[in-house]
2 protein chains.
Amino acid sequence: MSTHPDTRQRIVASARDLIYSRSYADVGVAEICARAEVRKGSFYHFFSSKQELALAVIDELGMALEDQVLGPAFARDLPPLQRLERFLEALHAFQQGTAEQAGHMLGCPFGNLALELATRDEVIRRKLETVFATIQARFERVLEEATANEVQALDIPATAQAMLAYIEGVLLMAKTTDDAGLIPRLGPAFLQIRIPAATI
Amino acid sequence: MSTHPDTRQRIVASARDLIYSRSYADVGVAEICARAEVRKGSFYHFFSSKQELALAVIDELGMALEDQVLGPAFARDLPPLQRLERFLEALHAFQQGTAEQAGHMLGCPFGNLALELATRDEVIRRKLETVFATIQARFERVLEEATANEVQALDIPATAQAMLAYIEGVLLMAKTTDDAGLIPRLGPAFLQIRIPAATI
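Residues numbered from 1 in each chain as written. Chains lettered and ligands numbered in written order. Predicted model: local features only at pLDDT ≥ 70, side-chain atom pairs only at ≥ 80, totals over all residues. Heavy atoms only, no water.

**What to know about the interface of chain A and chain B**
A common measure of how large an interface is: the accessible area buried when the components associate.
Reasoning step 1: Listed by partner, the interface residues are 43 residues for chain A and 43 residues for chain B.
Reasoning step 2: A combined buried area of about 3800 Å² lies between chain A and chain B, and 67% of that area is made up of carbon and sulfur atoms.
Reasoning step 3: In this assembly, chain A and chain B are joined by two salt bridges.
Reasoning step 4: In this structure, the salt-bridge partner of Arg-120 of chain A is Asp-26 of chain B, at a minimum N-O distance of 3.0 Å. (Contact = heavy atoms within 4.5 Å. Buried area = accessible area lost by both parts, 1.4 Å probe. Salt bridge = Lys/Arg side-chain N within 4 Å of Asp/Glu carboxyl O.)

**Describing the relation of the copies chain A and chain B**
Reasoning step 1: With an axial shift of 0.0 Å and an RMSD of 0.0 Å, the rotation relating chain A to chain B amounts to 180°. One copy is carried onto the other by what is essentially a two-fold rotation axis. Of every C-alpha in chain A, the one belonging to Gly-169 of chain A sits nearest the axis of rotation, 1.9 Å from it.
Reasoning step 2: Taken together, the interface assignments show that 100% of the residues at the interface of chain A recur at the interface of chain B, consistent with an identical surface on both copies. (Least-squares fit on C-alpha atoms with pLDDT ≥ 70 in both.)

**Examining the environment of Ala-114 of chain A**
Reasoning step 1: Checked against the element boundaries, Ala-114 of chain A lands in helix H6 (residues 109-117).
Reasoning step 2: Taking the relative accessible area as the measure of exposure, Ala-114 of chain A reaches 0% and is therefore buried.
Reasoning step 3: Between the C-alpha atoms of Ala-114 of chain A and Met-173 of chain A, which are 59 residues apart in sequence, the distance is 16 Å.
Reasoning step 4: Residue contacts for Ala-114 of chain A: discarding those within four places in its chain leaves Leu-128 and Phe-132 of chain A together with Lys-175 and Thr-176 of chain B. (Helix = DSSP H or I, 4+ residues; strand = E, 2+ residues; numbered from the N terminus. Buried < 20%, exposed > 50% of the residue type's maximum accessible area, 1.4 Å probe, protein only.)

**Focus on the domain arrangement of chain A**
All names here are of chain A.
Reasoning step 1: One can read the domain layout of chain A as domain 1 (1-48) and domain 2 (50-192).
Reasoning step 2: Using only C-alpha atoms to locate each centre, domain 1 and domain 2 end up separated by 26 Å.
Reasoning step 3: Each side of the interface is counted separately: domain 1 has 19 residues, and domain 2 has 21 residues.
Reasoning step 4: Between domain 1 and domain 2, roughly 1700 Å² of surface is buried when both sides are summed, and carbon and sulfur atoms account for 67% of that area. (Domains from an automatic or database assignment.)

**A few points about the packing of aromatic side chains**
Reasoning step 1: If you walk through the whole model with that rule in mind, you get 15 aromatic pairs over all chains.
Reasoning step 2: With a centroid separation of 5.5 Å and an interplanar angle of 45°, the aromatic rings of Phe-43 of chain A and Phe-47 of chain A are classed as tilted.
Reasoning step 3: Between the aromatic rings of Phe-139 of chain B and Phe-190 of chain B, the centroid separation amounts to 5.9 Å while the plane-to-plane angle is 65°, which identifies the pairing as edge-to-face. A residue pair is termed long-range when its members are at least 10 positions apart, and Phe-139 of chain B in helix H7 (residues 122-146) and Phe-190 of chain B in the segment after helix H9 (182-186) qualify at 51 residues. As far as burial versus exposure is concerned, Phe-139 of chain B and Phe-190 of chain B are alike and both buried. (Phe/Tyr/Trp six-rings, centres within 6.5 Å; stacked < 30°, edge-to-face > 60°.)

**What about the environment of Ala-25 of chain B?**
Reasoning step 1: Mapped onto the secondary structure, Ala-25 of chain B falls in the loop between helix H1 (5-21) and helix H2 (29-36).
Reasoning step 2: For Ala-25 of chain B and Leu-113 of chain B, which are 88 residues apart along the polypeptide, the C-alpha to C-alpha distance reads 10.0 Å.
Reasoning step 3: Apart from residues lying up to four places away in sequence, Ala-25 of chain B is in contact with Ala-25 of chain A together with Lys-50 and Glu-116 of chain B.

**Comments concerning the packing of H1 of chain B against H2 of chain B**
All names here are of chain B.
Reasoning step 1: Running from N to C, H1 and H2 point in directions that differ by 120°, and their axes come no closer than 8 Å. Viewed along their axes, H1 and H2 adopt a mutual orientation that is oblique. Here the hand of the crossing between H1 and H2 comes out right-handed. Contacts between H1 and H2 involve Arg-10, Ile-11, Ser-14, Ala-15, Asp-17 and Leu-18 from the first element and Glu-31, Ile-32, Arg-35 and Ala-36 from the second. (Axes fitted to C-alpha atoms, helices over the stretch in contact; angles between N-to-C directions. Parallel < 35°, antiparallel > 145°, perpendicular 65-115°, else oblique. Left-handed = near helix turned anticlockwise from the far one by under 90°.)

**Quick word on the pattern of salt bridges**
Reasoning step 1: Applying the stated criterion to the full structure yields 34 salt bridges over all chains.
Reasoning step 2: Between Lys-127 of chain B and Asp-59 of chain B there is a salt bridge, with the nearest N and O atoms lying 2.8 Å from each other. With Lys-127 of chain B in helix H7 and Asp-59 of chain B in helix H4 (residues 50-73), this pair connects stretches of sequence that are 68 residues apart.
Reasoning step 3: Residue classification places Lys-127 of chain B among the partly exposed positions, given a relative accessible area of 22%.
Reasoning step 4: Three or more residues are tied together by salt bridges with common partners; here these are Arg-16, Asp-17, Arg-35 and Glu-60 of chain A.

**Considering the packing of helix H8 (residues 156-176) of chain A against H7 of chain B**
Reasoning step 1: Packing of H8 of chain A against H7 of chain B leaves a shortest axis separation of 9 Å and a crossing angle of 130°. Put simply, H8 of chain A runs oblique to H7 of chain B. Taking contact as the criterion, the partners of Leu-172, Met-173, Lys-175 and Thr-176 of chain A in H8 of chain A are, on H7 of chain B, Arg-125, Leu-128, Glu-129 and Phe-132 of chain B.
Reasoning step 2: In terms of residue class, the contact of H8 of chain A with H7 of chain B is built from four nonpolar, one polar and three charged. (Nonpolar A, V, L, I, M, F, W, Y, C, P; charged D, E, K, R; others polar.)

**Quick word on the nonpolar core**
Reasoning step 1: Among the nonpolar cores identified, the biggest contains 141 residues, and Tyr-166 of chain A together with Tyr-166 of chain B are the most heavily contacted of them.
Reasoning step 2: Setting aside its immediate chain neighbours within four residues, Tyr-166 of chain A contacts Leu-186, Gly-187, Ala-189, Phe-190 and Ile-193 of chain A together with Ala-162, Ala-165, Tyr-166 and Ile-193 of chain B. (Core = buried A, V, L, I, M, F, W, Y, C linked by side-chain atoms within 4.5 Å.)

See below:
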């Protein structure tokens, strides 16, 4: 039985690839271990359950999102609205890359897990809520900068959440139609979304 | 073994309720038969596979959407943009009603199935694509009426698809946060979505 940290990482990477390209329910511990080339005993050394593994997979995907999409897109070398455009481009590149590898549009891994599991696993649902809150916070910072001089007050948290909802919806439609081209075609409309602050 | 048409309907209704509140993979034929109070032999008289049942469930849900949401919302007794507002209200009422019954926000049954199955079942993916196309066509008709006198030309199919994507995204976020209140809070922004026609 291997208890080496690399073994844990191999298990998480195998689970991430299998679950992202199919679904949580469709992938079992035995298949994950076979792909990672580890014994079941090693799996249970690192993870007490498939749920605990799913939480580690979400962390792993969250770091990949940060490194490959959010970090580069929201770097402060561009004005705020151009960072949002760069975010769309990075998202499109990431989705197109995974689609070419997998043979299908895979969509948003967090959205996929949310719709599959939100009614049945409260721990995973809350974990996904925090991932979405992190992305939403990125949009909020950009909106604060971009609208600092605007006359009409914006409900920044609601607008950021609406922008995230739109992105999730575009990825859902892109996965359903198996067409990553939907991201550049529909994506730019997310820059128009504005929810005004309630007037007192 | 019952081959009565009512038996088929009971099987479809049971499958609809179980799959919508959990997931496709999580619900087996045995559980569907138990809930419908039919024997497995009756199930296989009507359906050759779980996939064939899923297609019947999607048809059933499509008819419910038409009767309870789309039909009443898009009746032509109101001007076009007010029909879209009525659509949002009907959607909120439907989602709130099912959430109260189920104890959780269930989201969009078509979006749920799309994210769970689009990479693994091409027949179900195509079926869901046609359901989304039907909803999109409703939005297109309203946009044609609403923008007939506008100066700036709109890409009506793209705008309608973007509106649908936004609604799917709001339902995804509402399910993830288990909060139907997101529909009235974020929903109205879908009236702002505009994708201009490409200039030649």
